[in-house]
Amino acid sequence: MKKDILTLLDLSKEDIDKLLNRAIELKDMQKKGVPYKPFAGKTLGLIFDKASTRTRVSFESAMVQLGGHPLFISARDTQIARDEPVRDTARVLSRYLDCLAIRTYSQDLLEEFAEFSSIPVINALTDLYHPCQVLSDLMTVIEKKGKYSGIKIVWIGDGNNVAHSLINAAAVLDLNLVLACPEGYTPNDDILNRALGTGCGKIDIISDPAEAVKDADVMYTDVWASMGQESEHTIRKRVFESYQVNSGLLKQASGDVIVMHCLPAHREEEISEEVLEGSKSVVWDQSENKLHMSKAIIEALIGRKDG
Ligand code: CP
Ligand code: NVA
């Protein structure tokens, strides 16, 4: 049966550990110049109807480096934009492609796509989740901290799609996760309750960022207004003002804390320039790791070959 990655709940701890180990291995192979091109003749489609720099380019480059062919498909230039049903598009594209990454607004639309596709479907971000981001972020945590178990990860800001995927990861991997979010901007209750219901992971929601970051090993933030929320930008800037990751907040965390941001960043909004460019920031390695994790994901879904 084909495997999709629509949320991190589609994966077991064993699946995620395998992806993390393989991404680290593939990164090492690339750095050593070991040739590995198992996917000649295979095509990865990318249907995006939201902007993207990192996710799009990392998946495209990953497929090229694996010897396959990436095919970027701007949703607005397809018949989807002229109301061809998703289920028809999914069945047709399955006849041309070997794997499909989708970035869109609605998780339901993504799920319908996956239901009617006979090829693996990857969630490249929806309003609700960003699973591939969190997989590569966990790779960065392992690189910088040696492990993810027992590491205190503190999310500061909006309870958004990236936060939701972190919550899922906490449940699957038994993570220690604290989310500091203003009232009214906490994560989705269903997602949170489902994670809490597993009894795995230590997940706390609190409102005070200074209290949250006490003893933090990882501080992670993201934009205050995600794609699709542009009209709320002004009000959100006011609501989130005291949630900026800056040198004052950094001082409350443990001395060897690392600072993460999935990017794109808005300097002097959710993160100060000083912290983003400072010695605790790992954002550029974090970005790079999207490439290596994209390769591990493609390989796991299309089928591993020896190499
Ligand atoms: N972090 C991330 O997903 O970036 P893009 O929106 O540039 O893909
Ligand atoms: N939460 C952000 C993530 C961007 C990678 C958004 O959805 O716009």
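Structure shown above.
Not measured: the values here are computed from a predicted model.

Can you walk me through the site of ligand 2 in this structure?
As a structural note, the neighbourhood of ligand 2 is formed by L125, N160, N161, D222, V223, S226, M227 and L263. Between a nitrogen atom of ligand 2 and a side-chain N or O atom of N160, the distance comes to 3.3 Å. Taking 270 Å² as the accessible area of ligand 2 by itself, protein coverage stands at 94%. Grouping the amino acids of the shell around ligand 2 by side-chain chemistry returns 4 nonpolar, 3 polar and 1 charged.

Looking at this model, I keep getting lost on the nonpolar core. Mind explaining?
Soluble, globular proteins show a tendency: their nonpolar side chains are buried together. Ranked by size, the top nonpolar core spans 64 residues in total, and within it I297 and I298 carry the most contacts. The dominant element in this core, judged by the number of residues it contributes, is helix α6 (residues 161-173), at 9 residues. Residues within four places of I298 in sequence aside, it is in contact with F39, L44, F59, A62, M63, L66 and G303. Within the second largest apolar cluster, 23 residues are counted, among which are V178, M219, L263 and V283.

Explain the sheet that holds strand β8 (residues 218-221) to me, please; I cannot follow it from the model alone.
The strands making up a sheet associate through hydrogen bonds between their backbones, and the pairing can be parallel or antiparallel. Strand order in the open sheet made by the 5 strands is β7-β6-β5-β8-β9, with parallel pairing throughout. Lying at the two open borders of the sheet, with one neighbouring strand each, are β7 (202-206) and β9 (258-261). Across the sheet, the axes of successive neighbouring strands diverge by a mean angle of 20°, strand direction being ignored. Two elements, strand β6 (residues 176-180) and β7, share 5 bridges in a ladder whose sense is parallel. Following the sheet pairing, L179 is matched in β7 by I205. In the packing of α6 onto the sheet, the strands contacted are β5 (152-156), β6, β7 and β8, and the crossing angle to β6 comes to about 155°.

How should I be thinking about the site of ligand 1 in this particular structure?
Contacts to ligand 1 come from S52, T53, R54, T55, R103, H130, Q133, C262, L263 and K290. At 2.8 Å from a nitrogen atom of ligand 1 is found a main-chain nitrogen or oxygen belonging to C262. Within the contact set of ligand 1, a nitrogen atom lies 3.0 Å away from a backbone nitrogen or oxygen of L263. Burial of ligand 1 by the protein chains amounts to 96% of its free accessible area of 250 Å². Of the residues belonging to the shell around ligand 1, the class tally is 2 nonpolar, 5 polar and 3 charged.

Conventions used here
Residues numbered from 1 in each chain as written. Chains lettered and ligands numbered in written order. Predicted model: local features only at pLDDT ≥ 70, side-chain atom pairs only at ≥ 80, totals over all residues. Heavy atoms only, no water. Near = heavy atom within 4 Å. Polar contact = N/O pair within 3.5 Å; in protein donor to acceptor, adjacent residues only side chain to side chain. Areas by Shrake-Rupley, 256 points an atom, 1.4 Å probe, with all protein chains shown as cover. Nonpolar A, V, L, I, M, F, W, Y, C, P; charged D, E, K, R; others polar. Core = buried A, V, L, I, M, F, W, Y, C linked by side-chain atoms within 4.5 Å. Buried < 20%, exposed > 50% of the residue type's maximum accessible area, 1.4 Å probe, protein only. Helix = DSSP H or I, 4+ residues; strand = E, 2+ residues; numbered from the N terminus. Contact = heavy atoms within 4.5 Å. Pairing = 2+ DSSP bridges. Axes fitted to C-alpha atoms, helices over the stretch in contact; angles between N-to-C directions.

That's the geometry; what it means functionally is another story.
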